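# Observations on the three-dimensional arrangement
Next come the chains, spelled out residue by residue.
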Amino acid sequence: MAFVTRQFVRSVSSSSTASATAKKIVIKHVAVIGGGLMGAGIAQVAAATGHTVVLVDQAEDILAKSKKGIEESLKKIAKKKFAENPQQSITLHFPVSSVNVSFLSRQQAGSEFVEKTLSNISTNTDAASVVHSMDLVVEAIVENLKVKNELFKRLDKFASEHTIFASNTSSLQITNIANATTRQDRFAGLHFFNPVPMMKLVEVIKTPMTSQKTFESLLDFSKALGKHPVTCKDTPGFIVNRLLVPYLMEAVRLYERGDASKEDIDVAMKLGAGYPMGPFELLDYVGLDTTKFIMDGWHEMDTQNPLFQPSPSVNKMVAEKKLGKKTGEGFYKYK
């Protein structure tokens, strides 16, 4: 009987150890690599929800611009959030403390919100020097597999054992990025949408090697940011882009065949399908170079898929540097 009891105790102890090992990581400290629109947006929402954030880019001037953009974005949010009923009693809830501001005007409350969020963000030009103390490293740099692989391979040597790596890529396969590291089980996709502070969706991408612990930790993190996470396997384009980009390209093919004008296609989708923007307006907004990059990558992976066929019109405009709103001309001209 004593032997059975000892075996039972060992079994329970072993199970408890396994359970503790599998316990989810509570993400508090976040490094965001890339100070562009996406990276700055991710840093902003993480800081606004009480996370300690280090925003990393190669140059101080880029980081200064990013920090200024974050501050301006926060002021707009604060103005909208606290502008109505200036004397209304409210309470601000921060993770560390709950600050009663019934005696403050909403303008003062808004200023405190901006200052508190900005105080959670620091900047650095050396990613390797900061990742050792991070729970999560989110990459939001150029959509180039080689560049991403080089980054993660380097950071893998300096990051703590528990640190989760995530890529914000919208078109590359997460598995191909994760393979540059030795932590494939602690690697996943975390795809935010632009503008990050406004868009509620986050796609959490689980590769065949991503552990359940990592996956669930990222789901919890997404919810902590006030986002709505959806999950998807590591398939080209994930959910949104896999449906959206072929739709955009089919609109282009409709136009290329002369079946309808781009103006009528845009109007039809806005008035008939209730879309806020027509496909050509959206292509110009996203950037034709971005769309071409995605399509080229997908076509290379599956040359026979009719949904992934390149567009002569898009290729021609990209070659002519007519990339959309950012260059002043795409399918439409902009002043």
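Here's what I pulled together on the structure shown here. (Residues numbered from 1 in each chain as written. Predicted model: local features only at pLDDT ≥ 70, side-chain atom pairs only at ≥ 80, totals over all residues. Heavy atoms only, no water.)

### Concerning the overall build of the protein
Across its full length, the protein holds 12 helices and 10 strands. A buried classification covers 43% of the 335 residues belonging to the protein. Of the contacts made within the protein by residues no fewer than 6 positions apart, 64% connect residues no fewer than 24 positions apart. (Helix = DSSP H or I, 4+ residues; strand = E, 2+ residues; numbered from the N terminus. Buried < 20%, exposed > 50% of the residue type's maximum accessible area, 1.4 Å probe, protein only. Contact = heavy atoms within 4.5 Å.)

### Some thoughts on the pairing of strand β8 (residues 187–192)
Most of β8 sits inside the fold, with six of its six residues counted as buried. Of the two faces of β8, the one holding Phe187, Gly189 and His191 and the one holding Ala188, Leu190 and Phe192 are both buried throughout. Where strand β7 (residues 164–167) and β8 come together, three bridges link them in parallel fashion. Bridging across to β8, Phe165 finds its partner in Phe187. Of the strand pairs in this sheet, β8 and strand β9 (residues 201–206) are connected by four bridges, and their pairing is antiparallel. For Phe192, the partnering residue across the bridge sits in β9 and is Val202. (Pairing = 2+ DSSP bridges.)

### Considerations on unusual backbone geometry
Omega for the peptide link from Asn194 to Pro195 comes to 0 degrees, which places this bond in the cis form. Of note, Pro195 is situated in the loop between β8 and β9. The backbone of Phe238 shows a phi angle near 60 degrees, a positive value even though the residue is not glycine. Examined against the element boundaries, Phe238 turns out to sit in the loop between β10 (228–233) and α8 (240–256). Since its relative accessible area comes to 4%, Phe238 is described here as buried. Notably, Lys321 is not glycine yet its phi reads approximately 65 degrees, a positive angle. Among the secondary structure elements, Lys321 is positioned in the segment after α12 (312–319).

### Points about the pattern of salt bridges
The full count for this structure, using the stated rule, is 18 salt bridges. When the shortest N-O distance is used, the salt bridge between Glu161 and Arg186 registers 3.5 Å. Within this pair, whereas Glu161 is found in the loop between α5 (145–156) and β7, its partner Arg186 is found in the loop between α6 (174–178) and β8, the two being separated by 25 residues in sequence. In this structure Glu161 comes out as exposed when scored by relative accessible area, which is 63%. The buried category is assigned to Arg186, whose relative accessible area is 14%. For Lys316, the salt bridge identified is with Glu320, shortest N-O distance 2.7 Å. Among the ionic contacts, a cluster of salt bridges with common partners joins Lys316, Glu320, Lys322 and Glu329. (Salt bridge = Lys/Arg side-chain N within 4 Å of Asp/Glu carboxyl O.)

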